[in-house]
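# A structural walkthrough
Here's the letter readout for the chains.
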Amino acid sequence: MSSLIFVQLLLVGLRVTDTTTDTWRHCTDLVPLDLLSFVLERDPSKLVPGVHMKQAGAVRGVHFSSPHSSMSFPSSQLLVNCDLFPKEFSIVVTLKVTRTAAKRNEYIFSLMEPKTVGKRGKTEEEKDKGNVLERNKEKERHGETEKERRIILGLRLSRKRLHFLFRGHGGALEHWGFRGKRLADNQWHTLVLTVGSHHVRLTVDCSSPLEIVPSRPFPSDINIQGSRFHIGSRGKWKGLFSGLLRQLVLVPGSDAIHHICPSSEPHLAVLSVPPLLSDLPMMGREGDGHVTSYETEERVSVGLERSCSELIQGQLWFNPLKKSLYLCDGTAWIAVLEDHKRLDYVLEHQVLTTSSETHDVEVFQVPGMGLMAAMAHRSIASGSAVYLWSHTGFQLYQNISTYEALAWRHFSMGKKMFLVVSNSGGGPDKHFNKGSEMDFSVIYKWSKKRKRFVQFQTLQTHCARDWEAFSINRQTYLAVANHRQGNNNHTIDSVIYKWNRLTKSFEVHQRLPTSGAYDWEFFTVGPYHFLVVANAFDGVTTSVDSVVYIWVNGSFQVFQTIKTFCATDWEMFQIGSRVFLVVANGHRLHGNGPSRYAINSTIYELDMNGQLFVRFQDIVTYSAVDWEFFSLGEEYFLVVANSFNGESYSLNSILYRWQGYEGFVPVHWLPTIGCSDWEFFSAKGESYLIYSSAKAPLSKVFKLKTY
């Protein structure tokens, strides 16, 4: 049974039906409801009556041969503890419709009222009228017989339009019709119908949406007590859906387009597909238009979940999540090949004594040498160090003179390897001249001959907190986060340098105004390049705007500003097609007031339609200074560097695991002292985390034990 259905069944409970209009409850559980899986998976060993599994090309769907009662169920089984239909929602449908089928009015799904005694009503098969986008309203002129149910809402397909019908204000049947998208072309399409407070949008195959702005919003008082869902019909032969249906998901309170688009296969974009349909058979080619029987086509299936029964005895199933191959013996799956990799627990692997406190650690590979780690030590006397990984852990390899180093960044150009350090203490001149506001950060180049990093170029910086290296159109750039000039001037320019192939040096390319800049993060989404700065302090308050920039015509321009609180780090990561940014907020401070260290750090998700990052999840952190994202198999994790809670530097940094619609949840608490940075790395098939301490002369390596 799919994970979505499992969650839904856990939510099933008692409903109170003896209510008044003052106590009617709206649906507040925002879990996606997989309507198709719910009816198909009641007995996974066989298909429900009235349904046939068919394949078009290499894609499966279900075909309805009758409006069987097995394809109907009470709405209370999924819309739990609520009496009113959600006032904002999305419907995700993947279907395939033939040209001849679209000559009729066919229901993809419907929600029907309970049986009532009364007069007979006019049919809901309204005539299609209007232009490209229309909104029609038809009032009921008659009642109904005892055996007939009135439609509450439904999704209907006609020859030229897709209709969304609902019981509107005053009990009148209303419908919004979308015209202009040809769906009856014998091809697969994924539709997302989004009903918001002020708009209705239809998106087909992740393309530009069609939009209706109704004169009145979708009603918030649609009573669904006693109602039933019908999949593929409205409970009658007339209007039975004749195409193939692959996906049908109701998403209360959310625009599902953000979860499935963009997609490499937009016509098959997936939110939740029943496991029996998500398996991809080996035979058949995409686009051949040939429809075959499910049972006769499959020999090896691919998917996350699969049921074993006598019907598929002797068949193989490959699980890409577990990277395992199984054989069905008629009752259970027998493992043929397995590759399990799940996080079990975190084990302390090495306590590394360092020459001084460490603000940052950078882990990287050097060809011919192996895994290395550069550590930014605070001490001027001992400088910073580069460590080399061995079977026992990191061992000191090279000392490098630095001046209150705050960060290292590794990058390469062709086959040449470089390290750049952020010096906040200037250099020998500033060490003797305390009034100097001039700092110098240094780029080092790996010497294959000497097997050491040697000084390559010096760049003037101002209490540099971070370097970011990136490439755009085969050009290499470095961005420095200048934190402050002198002791009080935090509103200064940070600088982007570009590699000059003629002079063989980095030169100033662009200056960007920043406020106590702490970190840069570069990332690419499709053809677009972004650079986001963590602004920490403007001289008065830590409540300042951090800025997301986008690359336009050879330079960065402002894309979006985000309010942050002493932002110290940005981490970009992707889960599937979804793009996220998480910020580490350090503390709240304004003027001479007290500082607050226990505050929210926030995960933002890129809204492709709105073209901006929107808040996704808040996580309480304690003077957070770093986030690190990594994956193990198909599991995704974030670990935060909690550095100070207002009283102590000894506190837990927390490892979070991605739980889908729950977001990230805490799974491991790791004891740290003044944690300043986390880095994830792998060596010889094993996975590790290393953290640096800004308050003690040590760093720790943790081994991630998997099973």
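Residues numbered from 1 in each chain as written. Predicted model: local features only at pLDDT ≥ 70, side-chain atom pairs only at ≥ 80, totals over all residues. Heavy atoms only, no water.

## Re the sheet that holds strand S31 (residues 475-482)
Read from one edge of the open sheet, 4 strands run S30-S31-S32-S33, paired in antiparallel fashion. Looking at the sheet topology across the chains shown, the edges are occupied by strand S30 (464-472) and strand S33 (505-515). Taking the axes of each pair of neighbouring strands and ignoring which way they run, one obtains an average angle of 20° across the sheet. Bridging between strand S32 (residues 491-500) and S33 involves 10 bridges; their strand directions are antiparallel. Bridge assignment links Trp-499 to a residue of S33, and that residue is Phe-506. (Pairing = 2+ DSSP bridges. Helix = DSSP H or I, 4+ residues; strand = E, 2+ residues; numbered from the N terminus. Axes fitted to C-alpha atoms, helices over the stretch in contact; angles between N-to-C directions.)

## Points about a positive patch on the surface
On the surface, a cluster of positive charge is made up of Arg-99, Arg-159, Lys-160 and Arg-182. Structurally, Arg-99 is set in the loop between strand S5 (89-96) and strand S6 (106-112). Residue classification places Arg-99 among the exposed residues on the basis of a relative accessible area of 57%. (Patch = residues over 30% accessible without salt bridge, like charges linked within 9 Å, V, L, I, M, F, W, Y side chains within 5 Å. Areas by Shrake-Rupley, 256 points an atom, 1.4 Å probe, with all protein chains shown as cover. Salt bridge = Lys/Arg side-chain N within 4 Å of Asp/Glu carboxyl O. Lys, Arg positive; Asp, Glu negative; His and termini not counted. Charge placed at Lys NZ, Arg CZ, Asp CG, Glu CD. Buried < 20%, exposed > 50% of the residue type's maximum accessible area, 1.4 Å probe, protein only.)

## A closer look at the nonpolar core
Within the largest apolar cluster, 57 residues are counted, with the highest numbers of intra-cluster contacts made by Phe-164, Ile-231 and Leu-245. At 5 residues, the largest contribution of residues to this core is made by helix H2 (residues 35-40). Apart from residues no more than four positions distant in its own chain, Ile-231 is found in contact with Leu-35, Leu-36, Val-39, Phe-64, Met-71, Phe-73, Ile-108, Phe-109, Leu-245 and Leu-248. Membership of the second largest hydrophobic core comes to 20 residues, among which are Val-532, Ile-562, Trp-570 and Tyr-604. (Core = buried A, V, L, I, M, F, W, Y, C linked by side-chain atoms within 4.5 Å. Contact = heavy atoms within 4.5 Å.)

## Topic: the state of the cysteines
According to the stated counting rule, one finds 1 disulfide in the structure shown. Between Cys-206 and Cys-261 runs a disulfide, and the two sulfur atoms are separated by 1.9 Å. Across the disulfide from Cys-206 to Cys-261, rotation about the S-S bond amounts to roughly -80°, and the bridge is consequently left-handed. Of this pair, Cys-206 sits in the loop between strand S12 (200-204) and strand S13 (210-212) while Cys-261 is found in the loop between helix H3 (257-260) and helix H4 (275-278), placing the two residues 55 residues apart along the sequence. Its relative accessible area of 26% is what places Cys-206 among the partly exposed residues. (Disulfide = S-S within 2.5 Å.)

## Thoughts on the packing of aromatic side chains
Across all of its chains, the model carries 53 aromatic pairs by this definition. Between Trp-408 and Tyr-444, the aromatic rings sit 5.9 Å apart at their centres with planes inclined by 50°, giving tilted as the arrangement. A residue pair is termed long-range when its members are at least 10 positions apart, and Trp-408 in strand S26 (residues 405-413) and Tyr-444 in strand S28 (residues 439-447) qualify at 36 residues. The two residues Trp-408 and Tyr-444 agree in class, both being buried. With 6.1 Å between their ring centres and 80° between their planes, Phe-523 and Phe-613 make a pair best called edge-to-face. Here Phe-613 lies in strand S41 (residues 612-622) and Phe-523 lies in strand S34 (residues 517-525), a separation of 90 residues in the sequence. (Phe/Tyr/Trp six-rings, centres within 6.5 Å; stacked < 30°, edge-to-face > 60°.)

## Re the sheet that holds strand S20 (residues 333-337)
The 4 strands are arranged S17-S18-S19-S20 in an open sheet whose pairing can be described as mixed. At either margin of the open sheet sits one strand with a lone partner, and together these are strand S17 (300-302) and S20. Between one strand axis and the next, the sheet turns through 30° on average, direction left out of account. Alignment of strand S18 (residues 316-319) against strand S19 (residues 324-328), held across 4 bridges, turns out to be antiparallel. By the bridge assignment, Asn-319 is partnered in S19 with Ser-324.

## Focus on the environment of Met-438
Along the chain, Met-438 falls in the loop between helix H6 (428-432) and S28. For Met-438, a relative accessible area of 37% translates into the label partly exposed. Through-space distance from the C-alpha of Met-438 to that of Gly-425 is 8.8 Å; in sequence the pair is 13 residues apart.

## A closer look at the pairing of strand S38 (residues 567-575)
For S38, the tally of buried residues reaches 8 of 9 residues, placing the bulk of the element in the interior. Pairing between S38 and strand S39 (residues 578-585): 8 bridges, direction antiparallel. Residue pairing for S39: Ile-575 is matched across the bridge by Arg-578. With antiparallel pairing between neighbouring strands as the criterion, S38 and S39 make up a hairpin whose turn holds 2 residues, including Gly-576 at a positive phi of roughly 65°.

## Some points on the confidence of the model for the chain
A low pLDDT score tells you not to read the predicted coordinates there in detail. Here the chain averages 83 in pLDDT, and 82% of its residues register 70 or above. Low pLDDT (under 50) marks residues 119-147, which in the prediction has 89 contacts with non-local residues, meaning those over four places away or in another chain. Note that pLDDT drops below 50 for residues 280-298; the model gives that stretch 48 contacts with residues more than four away or on any other chain. (pLDDT = per-residue confidence, 0-100.)

## Let's talk about unusual backbone geometry
Residue Pro-262 follows Cys-261 across a cis peptide bond; omega there is 0°. In this structure, Pro-262 sits in the loop between H3 and H4. Of note in this structure, Asn-473 is not a glycine but carries a positive phi near 55°. Among the secondary structure elements, Asn-473 is positioned in the loop between S30 and S31. The exposure class of Asn-473 is exposed, given its relative accessible area of 64%.

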